[in-house]
Amino acid sequence: MNITIEKEKKTFSKDETVNMPKKEKKAVYETKQLNLWYGDNHALKNIDLDIYENEVTAIIGPSGCGKSTYIKTLNRMIELVPGVRTSGEISYRGRNIFDSDYRVEELRTKVGMVFQKPNPFPKSIYENVAYGPKIHGIRDKKILDQIVEKSLRGAAIWDEVKDRLHTNAYGLSGGQQQRLCIARCLAIEPDVILMDEPTSALDPISTLKVEELVQELKKNFSIIIVTHNMQQAARISDKTAFFLNGEVVEYSDTNKIFSNPSDKRTEDYITGRFG
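This structure is a prediction, so every number in the text was calculated from the model and none was measured.

Procedures and definitions
Residues numbered from 1 in each chain as written. Predicted model: local features only at pLDDT ≥ 70, side-chain atom pairs only at ≥ 80, totals over all residues. Heavy atoms only, no water. Helix = DSSP H or I, 4+ residues; strand = E, 2+ residues; numbered from the N terminus. Buried < 20%, exposed > 50% of the residue type's maximum accessible area, 1.4 Å probe, protein only. Contact = heavy atoms within 4.5 Å. Areas by Shrake-Rupley, 256 points an atom, 1.4 Å probe, with all protein chains shown as cover. Lys, Arg positive; Asp, Glu negative; His and termini not counted. Charge placed at Lys NZ, Arg CZ, Asp CG, Glu CD. Salt bridge = Lys/Arg side-chain N within 4 Å of Asp/Glu carboxyl O. Pairing = 2+ DSSP bridges. Axes fitted to C-alpha atoms, helices over the stretch in contact; angles between N-to-C directions. Expected span 1.5 Å × (residues − 1).

A. Just the overall build of the chain, in detail. For the chain, the count of helices and strands is eleven helices and ten strands. Dimensions of the chain, computed from C-alpha atoms along their principal axes, come out at roughly 75 × 60 × 45 Å. For the chain, with 275 residues in total, the buried portion stands at 46%. Across the chain, every contact between residues at least 6 apart in sequence was considered, and the portion connecting residues at least 24 apart equals 68%. Carbon together with sulfur atoms contributes 49% to the accessible area of the chain, which is approximately 15,100 Å² in total. On the chain, the mean spot of the 40 positive side-chain charges and the mean spot of the 39 negative ones are 3 Å from each other.

B. Region of the structure containing helix 4 (residues 125-135). Along helix 4, the residues that are buried comprise Ile125, Tyr126, Asn128, Val129, Ala130, Gly132 and Pro133. Against helix 5 (141-154), helix 6 (158-161) and helix 7 (174-186) lie the buried residues of helix 4. Gly137, located one to two residues past helix 4, shows a positive phi value of around 95°.

C. View of the pattern of salt bridges. Enumeration over the complete set of coordinates arrives at 22 salt bridges. For the salt bridge of Lys25 with Glu55, the shortest nitrogen-to-oxygen distance reads 3.8 Å. Here the residue Lys25 occupies a position in the loop between helix 1 (14-19) and strand 1 (27-38), and Glu55 occupies one in the loop between strand 2 (41-52) and strand 3 (56-60), the gap between them amounting to 30 residues. Classification of Lys25 by relative accessible area gives partly exposed; the value is 41%.

D. Local environment of the sheet that holds strand 3. Across the sheet, six strands lie side by side as 6-7-8-3-9-10; this open sheet has mixed pairing. One side of each edge strand has no neighbouring strand; the edge strands of this open sheet are strand 6 (111-114) and strand 10 (247-253). Averaged over all pairs of adjacent strands, the angle between their axes in this sheet comes to 15°, without regard to strand direction. Sheet topology places strand 9 (residues 239-244) next to strand 10; six bridges connect them, and they run antiparallel. Across the sheet, Leu244 pairs through a bridge with Glu247, a residue of strand 10. Here helix 7 sits on the sheet in contact with strand 6 and strand 7 (192-196), set at roughly 170° to strand 6.

E. Structural context of the pairing of strand 6. Of the two faces of strand 6, the one carrying Val111 and Met113 and the one carrying Gly112 and Val114 are both buried. Alignment of strand 6 against strand 7, held across four bridges, turns out to be parallel. Residue pairing across strands places Val114 opposite Met195, the latter belonging to strand 7.

F. Quick look at the environment of Gly246. Following the sequence through the fold, Gly246 ends up in the loop between strand 9 and strand 10. Distance from Gly246 to Tyr70, taken between C-alpha atoms, is 8.9 Å for residues 176 residues apart in sequence. In this view, Gly246 contacts Ala43, Leu44, Lys45, Ile47 and Cys65; residues no more than four positions away in its chain are not counted.

G. Fine view of helix 7. Taking 1.5 Å per residue, 13 residues should reach 18 Å; helix 7 reaches 19 Å between its end C-alpha atoms and fits that length. For helix 7, the buried fraction is high: twelve of the 13 residues fall into the buried class. Among the residues making up helix 7, those that are buried are Gly175, Gln176, Gln177, Gln178, Arg179, Leu180, Cys181, Ile182, Ala183, Arg184, Cys185 and Leu186. Packing partners of the buried residues in helix 7 comprise strand 6, helix 4, helix 5, helix 6, strand 7 and helix 8 (204-217).

H. Up close: the pairing of strand 1. Judged from the eight bridges that link them, strand 1 and strand 2 form a sheet pairing that is antiparallel. Looking at the pairing, Glu30 lines up with Asp50 of strand 2. Between strand 1 and strand 2, which pair antiparallel in sequence order, lie two residues; one of them, Gly39, sits at a positive phi of approximately 65°. Bridging between strand 1 and strand 4 (residues 84-92) involves eight bridges; their strand directions are antiparallel. Considered in strand 4, the bridge of Trp37 is made with Arg85.

I. Up close: unusual backbone geometry. Although it is not a glycine, Glu189 adopts a positive phi angle of roughly 50°. Within the secondary structure, Glu189 sits in the loop between helix 7 and strand 7. Backbone geometry at Asn245 places phi at a positive 50°, although glycine is not the residue there. You can see Asn245 is positioned in the loop between strand 9 and strand 10.

All we've got here are geometric facts, nothing functional implied.
Right, here's the structure in full:
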């Protein structure tokens, strides 16, 4: 005898669906009471900030407020500056990056960086992208070819350069060079991509291409972007942190920051009253 059981379909009213708990995203970075000094200059003050996976987090604020200093602590590049000292904690995936047994090379494999000005190596387009994998011991040309193509496609520049892979990267336009640098970053398969004003040296068309690329990349990466361009932050980020004088004044969903900020200093900055 065959018995069929019809499963009861649960339906929700509009009010119920609104109140259903959302799936919480995991924090990639957790910053707790971070302080940083350049000699006697107290540059970052008691920073508490969580960065979530598969989101674009924008860091905004006037010049000299600590934006770039903060993201350079996230991969410990700030330690290259003489006289820097820190207190507090930054955890990446639950592990304090300042722990003595945390190798900086290991961290920077997981956390890539794209700088303000395009900085391709004086090598071919191919060698720029293959450089990182080679450093990590990959020598098989077939595998390198695959990595180079995948990375250039990921940076939305493959179709523009596929026929000139062995020409010098300096022959590319500024916007193409910046996307090449993003491809170079992708080649080591990072988890997080830090971007320090990546479009400030680019023309509007190239800027738009990089912004579109950032939106695509967040499907697979967590992205933290420092920008002076508040319209850019509003367009491409999920969350925004407003820095002022080395402190986080406000951190929230981007829509809230730009439409209903909680702090008057945030409102004054985004409406152009200072900065």
